[in-house]
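Commentary on secondary and tertiary structure
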Amino acid sequence: MSIKIALAGNPNCGKTTLFNALTGSNQFVGNWPGVTVEKKEGKLKKNFGGNGSEDVIIMDLPGIYSLSPYTLEEVVARNYLINERPDAIINIVDGTNIERNLYLSTQLMELGIPVVMAVNMMDVVEKSGDVIHIDKLSKKLGCEVVEISALKGTGIQKAAEKAIGLAGKKNAAPPVHSFAPEVEGVLDAIENKLGSDIPEEQKRFFAVKLLEKDDKIREQMRQVPDVSAEIAQIEKEMDDDTESIITNERYVYISSIIGECFSRNRKENMTSS
Ligand code: BGO
């Protein structure tokens, strides 16, 4: 038996640095099937956690900004997360650019896979005097949050241990974020139309993607429910395209997270302006 933990994050968030720190020389590098996107897998170093009787495999996913299928990297990462279902995800976010990084995080939380957020570059954040309120962030996101510096190696053992702990629990906590009531209404209706081939914990993710008119998701489904009435209803009610509605709602959620969980160093702002 082995535990699989996926590393997911934006390009340049420090994913490679973390992957190297966690796995050392225990790495296997290849390509994802059929595409020239690099696939990196490694075994977690023994001193970083696990009970010793099972291997902990770290899967380094391509750096991506969202789980929408716009780039090959996004398609590869998304297919892995939906089809292979790792036991847990470590979502690495660049703490110096947290607002932008949270867009992907809000989508990862909907996959029904346990997530630990590792806020990276904390050495830089601390130097700047900015403060990320980790406890509040954890509450707002509904997941464990750990401060790390992949470069200096701080916090990374804790992040790995938390991910291993969650992997044992298998089922993720349900997402804490709700869209606007009208959107939640149609998402419920779509979830109820999904067949039993979609596991319960993945239903929300598939419902959101169907609402967004995501053709690549439709192609992957054995039974595709007709959701045109739900789409028409919400587009009429909110006078916008469903993809924009979902994107805008994510940004509203992210703004509220930043407002509550991030304090910028005022002195730094005053001297630099
Ligand atoms: C260069 N702290 C700091 N200060 N830097 C970090 C940390 C951290 O915790 N983690 C990563 N970095 P990748 P992706 C670089 O390469 O792991 C740095 O894309 C440079 N290179 O060292 O590659 C890391 O895999 C010249 O920086 O990210 C790297 O996610 C000058 O963040 C960069 C300065 O990390 C991206 C930095 C020639």
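Just so we're clear, the structure is a prediction, and the values are computed from it rather than from any experiment. (Residues numbered from 1 in each chain as written. Predicted model: local features only at pLDDT ≥ 70, side-chain atom pairs only at ≥ 80, totals over all residues. Heavy atoms only, no water.)

1. Details of the overall build of the protein
From N to C terminus, the protein includes twelve helices and nine strands. Relative to a compact globule of 273 residues, whose C-alpha radius of gyration would be 19 Å, the protein shows 19 Å and is just as compact. C-alpha atoms of the protein, sized along the principal axes, occupy 55 × 50 × 35 Å. The burial tally for the protein puts 50% of its 273 residues in the buried class. At a minimum sequence separation of 6, the contacts of the protein that also span at least 24 residues come to 68%. A total of about 13000 Å² of accessible surface is found on the protein, and carbon and sulfur atoms cover 48% of it. Side chains of the protein carry 32 positive and 41 negative charges; the gap between the two charge centres is 6 Å. (Helix = DSSP H or I, 4+ residues; strand = E, 2+ residues; numbered from the N terminus. Rg over C-alpha atoms; globule rule 2.2 N^0.38 Å. Buried < 20%, exposed > 50% of the residue type's maximum accessible area, 1.4 Å probe, protein only. Contact = heavy atoms within 4.5 Å. Areas by Shrake-Rupley, 256 points an atom, 1.4 Å probe, with all protein chains shown as cover. Lys, Arg positive; Asp, Glu negative; His and termini not counted. Charge placed at Lys NZ, Arg CZ, Asp CG, Glu CD.)

2. Some points on the domain arrangement of the protein
Each assigned domain of the protein is listed with its residue range as follows: domain 1 (2–169) and domain 2 (181–239). Domain 1 and domain 2 are separated by 27 Å when their C-alpha centres are compared. Domain 1 puts 13 residues into the contact, and the matching count from domain 2 is eleven residues. When domain 1 packs against domain 2, the two sides together hide about 1000 Å² of surface, and 50% of this comes from carbon and sulfur. Three residues, Arg78, Ile82 and Glu110, lead the burial of domain 1 against domain 2; their summed loss comes to 49% of the area buried on that side. Between aspartate 214 and arginine 78 there is a salt bridge whose closest N-O contact spans 2.6 Å. Connecting domain 1 to domain 2 are two residue pairs in polar contact (both at pLDDT 80 or more). Across the side of domain 1 that touches domain 2, the residue classes break down as five nonpolar, five polar and three charged. (Domains from an automatic or database assignment. Buried area = accessible area lost by both parts, 1.4 Å probe. Salt bridge = Lys/Arg side-chain N within 4 Å of Asp/Glu carboxyl O. Polar contact = N/O pair within 3.5 Å; in protein donor to acceptor, adjacent residues only side chain to side chain. Nonpolar A, V, L, I, M, F, W, Y, C, P; charged D, E, K, R; others polar.)

3. Brief notes about the sheet that holds strand β5 (residues 88–94)
Strand order across the open sheet formed by seven strands is β2-β3-β4-β1-β5-β6-β8, with mixed pairing between neighbours. Of all the strands in the sheet, just β2 (27–31) and β8 (144–147) have a single pairing partner and so form its edges. Looking at each pair of strands side by side, their axes are set apart by 25 degrees on average, direction ignored. Where β5 lies against strand β6 (residues 115–120), six bridges are found, and the strand directions are parallel. Along β6, the bridge assignment pairs valine 93 with valine 119. (Pairing = 2+ DSSP bridges. Axes fitted to C-alpha atoms, helices over the stretch in contact; angles between N-to-C directions.)

4. With respect to the pattern of salt bridges
Counted under the stated rule, the structure contains 17 salt bridges. A salt bridge links aspartate 60 to lysine 40, with the shortest nitrogen-to-oxygen separation between them at 3.6 Å. In this pair, aspartate 60 sits in strand β4 (residues 55–60) while lysine 40 sits in strand β3 (residues 38–43), placing the two residues 20 residues apart along the sequence. Exposure class is identical for aspartate 60 and lysine 40. Each is buried. Close ionic contact of aspartate 55 with lysine 43 constitutes a salt bridge, the shortest N to O distance being 3.6 Å. Of this pair, aspartate 55 sits in strand β4 while lysine 43 sits in strand β3, placing them twelve residues apart in sequence. The class for aspartate 55 is partly exposed, based on a relative accessible area of 29%. What you see here is one network of salt bridges that share partners, running through Lys15, Lys40 and Asp60.

5. Section: the nonpolar core
General note: in soluble globular proteins, nonpolar side chains tend to be found buried as a group. Leu81, Met117, Val119, Leu137 and Leu141 are the most contacted members of the largest nonpolar core, which totals 61 residues. Ranked by the residues each element gives to this core, the list is headed by helix α11 (residues 242–261), at seven residues. Two domains each provide a minimum of three residues to this core, namely domain 1 (2–169) and domain 2 (181–239). Residue contacts for leucine 141: discarding those within four places in its chain leaves Leu102, Met109, Met117, Val176, Tyr253 and Ile257. (Core = buried A, V, L, I, M, F, W, Y, C linked by side-chain atoms within 4.5 Å.)

6. Re the environment of threonine 36
Mapped onto the elements, threonine 36 comes out in the loop between β2 and β3. Put simply, threonine 36 and glutamate 73 are 37 residues apart on the chain and 9.7 Å apart in space, counted from C-alpha to C-alpha.

7. Comments concerning the site of the ligand
Residues in close proximity to the ligand total 15 residues, the closest being Asn12, Lys15, Thr16, Thr17 and Asp123. Between the ligand and threonine 16 there is a distance of 2.4 Å, counted from an oxygen atom to a side-chain nitrogen or oxygen. One nitrogen or oxygen atom from the main chain of alanine 150 is found 3.1 Å from an oxygen atom belonging to the ligand. At three residues, helix α1 (residues 15–23) tops the list of elements feeding residues into the shell around the ligand. Class assignment for the residues of the shell around the ligand results in six nonpolar, seven polar and two charged. (Near = heavy atom within 4 Å.)

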